[in-house]
Amino acid sequence: MIPKNEVVYVDSVPYIYRGGEPYYVKGAASNHLYDQVGKYGGNSIRTYHVNEKTQSILDMAYQQGLSVVLGIGLKKERDHNFDYDDESLVKEQFETVKEQILKFKDHPAILMWGIGNELDIEYTKPSVWNAVEDISKFIKSVDTLHLTSTILAGADVDDFKEIIERAPSLDVVGVNVYADIVTAHRNVRASGWKKPYLITEWGPKGTWDNPKSTDWGRFVEPTSTEKANDYYKKYYQNYIHNYKDKGCVGSYVFVWGYQHHGAVQTWYGLFTKNGNPLNGVYTMQECWTGEVPENISPEVYSSGMILNGKTADQSVKVKRGAINTASVDALDPDGDSLYYDWQIVKEGFVLSRSDKSAAMLPGIPGLIENNNKRLINFKIDEAGEYRLIAYVLDHLGNASVASIPFLVQ
């Protein structure tokens with residue numbers, strides 16, 4: 001049986017109902033580890049496009065009692081040079097999308113359709129929202145049980161106004177917001193949007209949000225503990241859950257899985273490459289369930305990771321061929337024994353999606369002495385920019401990660 005998903009207004013406040021019951025989204029925007037969401041108290045996952053994995057993801061979600069925002073990938077003006085004023089191109093894309101909708105429209109795991117992701121990035125053709133509307137109306141003609149949405153890169157007032165005018169059949173709009181999550185609700189309501197909205201991506205401040213950097217321009221990354229405390233916990237409490245009865249119907253934390261961001265391999269990702277849960281996973285478990293987890297990840301702060309007596313924000317420079325000393329001070333709140341895995345990578349190193357060669361990252365071999373100790377020594381003979389990464393794990397595989405960018409002169 002397919003549960004009916006609908007928008008219900010209570011005293012003019014919009015809510016999502018699923019199967020006749022109020023449904024608040026406690027979701028994860030995933031790139032893998034979809035089957036781990038429910039384990040930590042989440043109830044929904046978000047995908048970005050239809051592919052060969054879609055059927056298995058939907059089936060898994062249904063078996064685990066999870067709902068799905070099923071993403072429909074659309075061409076972007078910026079990334080694909082797609083012209084939404086070209087009727088033939090738009091029609092061709094529409095026909096492709098129709099096949100996807102007809103294939104999956106009766107799946108009981110679906111909560112809503114996500115028609116395009118961040119189509120608003122550097123766009124110049126407002127007609128993109130007319131194309132979204134055509135797809136939304138088609139969905140409603142063949143599928144009366146699921147909601148329709150589109151997802152924006154931010155909560156720009158003018159974008160919402162265009163959607164209000166050009167895509168009135170949409171039930172929900174999702175916004176991907178990071179540092180600007182603090183103004184998202186205000187902007188959504190200032191636009192005149194009265195329907196529900198979702199925070200469809202959120203997490204630590206992005207590298208585009210001017211984080212700290214070294215004096216040669218490399219980003220200083222917060223530790224996974226700092227991300228959990230300063231972003232995941234505070235953002236969820238202050239800018240998502242606090243608006244539960246004001247039109248925000250939930251969120252999808254980003255990213256449930258492993259993903260490098262630009263030149264920093266561990267910037268985003270709530271898990272290590274090997275699937276070890278980082279601090280943010282347990283923060284989300286507490287946010288979703290209201291209960292303190294029985295066992296959580298170790299804690300490590302920027303002040304606790306030292307390279308030659310300096311922290312990451314002190315622009316560490318070392319000499320070629322010199323012996324360097326690094327250490328990390330971590331605490332396990334549960335009193336568990338701690339284990340260490342240190343790696344050095346070239347700054348700007350990008351991990352291939354197909355690279356299965358290492359549990360964490362394929363660091364440069366042969367540089368580090370005592371790689372599995374709290375204190376290490378290393379030597380580098382080649383000048384350049386590098387990043388030292390420390391993984392701290394307990395005996396259950398829970399992890400924390402910290403890094404220091406450094407320059408070999």
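Structure: above.
So, a few notes on the structure that sits alongside this text.

Definitions and cut-offs
Residues numbered from 1 in each chain as written. Predicted model: local features only at pLDDT ≥ 70, side-chain atom pairs only at ≥ 80, totals over all residues. Heavy atoms only, no water. Core = buried A, V, L, I, M, F, W, Y, C linked by side-chain atoms within 4.5 Å. Buried < 20%, exposed > 50% of the residue type's maximum accessible area, 1.4 Å probe, protein only. Contact = heavy atoms within 4.5 Å. Helix = DSSP H or I, 4+ residues; strand = E, 2+ residues; numbered from the N terminus. Polar contact = N/O pair within 3.5 Å; in protein donor to acceptor, adjacent residues only side chain to side chain. Phe/Tyr/Trp six-rings, centres within 6.5 Å; stacked < 30°, edge-to-face > 60°.

## Let's talk about the nonpolar core
- Counting residues in hydrophobic clusters, the biggest one holds 67 residues, and the most contacted among them are Ile199, Trp202 and Trp256.
- With sequence-adjacent residues up to four places away left out, isoleucine 199 is seen in contact with Val175, Val177, Ile181, Ala184, Ile240, Cys248, Gly250, Ser251 and Tyr252.
- By size, the runner-up hydrophobic cluster in this structure holds 25 residues, among which are Val300, Leu307, Val328 and Phe378.

## Points about the side chain of threonine 225
- Tracing the chain through its elements places threonine 225 in helix α7 (residues 224–240).
- By relative accessible area, which is 2% here, threonine 225 ends up buried.
- One polar contact links threonine 225 to asparagine 279, side chain to side chain, over a distance of 3.2 Å.
- Once residues lying within four places of it in the same chain are set aside, the contact partners of threonine 225 are Asn279, Pro298, Glu299, Val300, Tyr301 and Ser400.

## Some remarks on the packing of aromatic side chains
- Under the criterion given, the structure shown has 19 aromatic pairs.
- When the centroid spacing of 5.5 Å and the interplanar angle of 90° are considered together, the rings of tyrosine 178 and tryptophan 208 count as edge-to-face. Taken together, the residues tyrosine 178 in the loop between β9 (172–176) and α6 (184–190) and tryptophan 208 in the loop between β10 (197–201) and α7 connect sequence positions 30 residues apart.
- Considering the side-chain rings of tyrosine 231 and tyrosine 235, the 5.6 Å spacing of their centres and the 70° angle between planes classify their relative orientation as edge-to-face. With tyrosine 231 and tyrosine 235 both in helix α7 and four residues apart, this pair spans about one turn of that helix.
- Of the aromatic side chains, those joined through ring pairs into one cluster are Tyr40, Trp256, Phe271, Tyr282 and Trp288.

## Focus on helix α8 (residues 279–289)
- Summarising burial for α8: nine of the 11 residues are buried, a large majority.
- Along α8, the residues that are buried comprise Asn279, Gly280, Val281, Tyr282, Thr283, Met284, Gln285, Cys287 and Trp288.
- Positive backbone phi, approximately 75°, marks glycine 290, located one or two places after α8.

Note that all results are geometric; they support no functional claim without further evidence.
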